[in-house]
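Remarks on the overall topology
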Amino acid sequence: MELRTATAAEIRAAYDALLRVSFPPAELKPLRAILEMTEDGCYDPLILTDGGAVAGACFLWLGVPGWALLDYLCVAPDRRSGGLGGEMLRRMRAAYPGWTILAEAEAPAYAPDPAMAERRLGFYRRNGAALAGYDSEAFGVRYKTIYWPGGPVTDGELAVQHRFIYESRFGPEKYARYVRIPCPSGAEPMAQVPWDE
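My aim in this report is to walk through the structure given alongside it, one point at a time.

Criteria and cut-off values
Residues numbered from 1 in each chain as written. Predicted model: local features only at pLDDT ≥ 70, side-chain atom pairs only at ≥ 80, totals over all residues. Heavy atoms only, no water. Buried < 20%, exposed > 50% of the residue type's maximum accessible area, 1.4 Å probe, protein only. Helix = DSSP H or I, 4+ residues; strand = E, 2+ residues; numbered from the N terminus. Arc of directions from axis to C-beta. Salt bridge = Lys/Arg side-chain N within 4 Å of Asp/Glu carboxyl O.

1. Description of helix α2 (residues 31-40)
- Among the residues of α2, those classed as buried are A33, I34 and M37. Across the axial projection of α2, the buried residues extend over an arc of 100°, all falling on one side.
- Just downstream of α2, G41 is the residue with a positive phi angle, here 85°.

2. With respect to the pattern of salt bridges
- A full pass over the atoms with the stated rule returns 13 salt bridges.
- For E87, the salt bridge identified is with R91, shortest N-O distance 2.6 Å. Of this pair, E87 and R91 both sit in helix α3 (residues 84-95), four residues apart, which is roughly one turn of that helix.
- Put simply, E137 and R180 hold a salt bridge, and the shortest N to O gap is 2.5 Å. Residue E137 is found in strand β6 (residues 130-138), and its partner R180 is found in strand β8 (residues 179-180); the two are separated by 43 residues along the sequence.
- Look at E137 and you get buried, because its relative accessible area is 0%.
- Residues joined by salt bridges that share partners form a network here, namely R32, E36, D40 and R169.

3. Side note on the environment of S185
- Assignment of secondary structure puts S185 in the segment after β8.
- Through-space distance from the C-alpha of S185 to that of D135 is 8.0 Å; in sequence the pair is 50 residues apart.

Set out below in structure tokens:
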């Protein structure tokens, strides 16, 4: 098995075969945006290959050196429940040693399927993720913020770097309209809108 950066053709194939079937439309960036971000150097679309076949995808949105956001993690439908998700996380962390890697997992209280959201959070926690002290929201989807620390880090530092990843791509106006990091406690969710609104 190998975890490596995907080619443009492999990104397209993984998007259609893995991401589209694993994520609801409200959480899925357009393929065009992923390709542009990869070309711009702020995105690392990693794929897990096994015997020449793509077994999973692990896409990272890069911030300043030492910081990244795990944007998507998914295993091929016919390979699920075999430990490949955890294997990808281990390999991802080995590929980015010393980095703090953030992730967003749908908040169970706001999820269409709260039990599934709880299972996802449990999976990440079993695989070494810590739960940050704040939630986030992007395009009307509320998330629990989780992370794998590269060293000692505070919630304040996490939030600053988390915000930077979004603001550096969107600019302050779009960020202010569609993203809240941290999301104020008790705030009503914003309306869901497409990622490339």
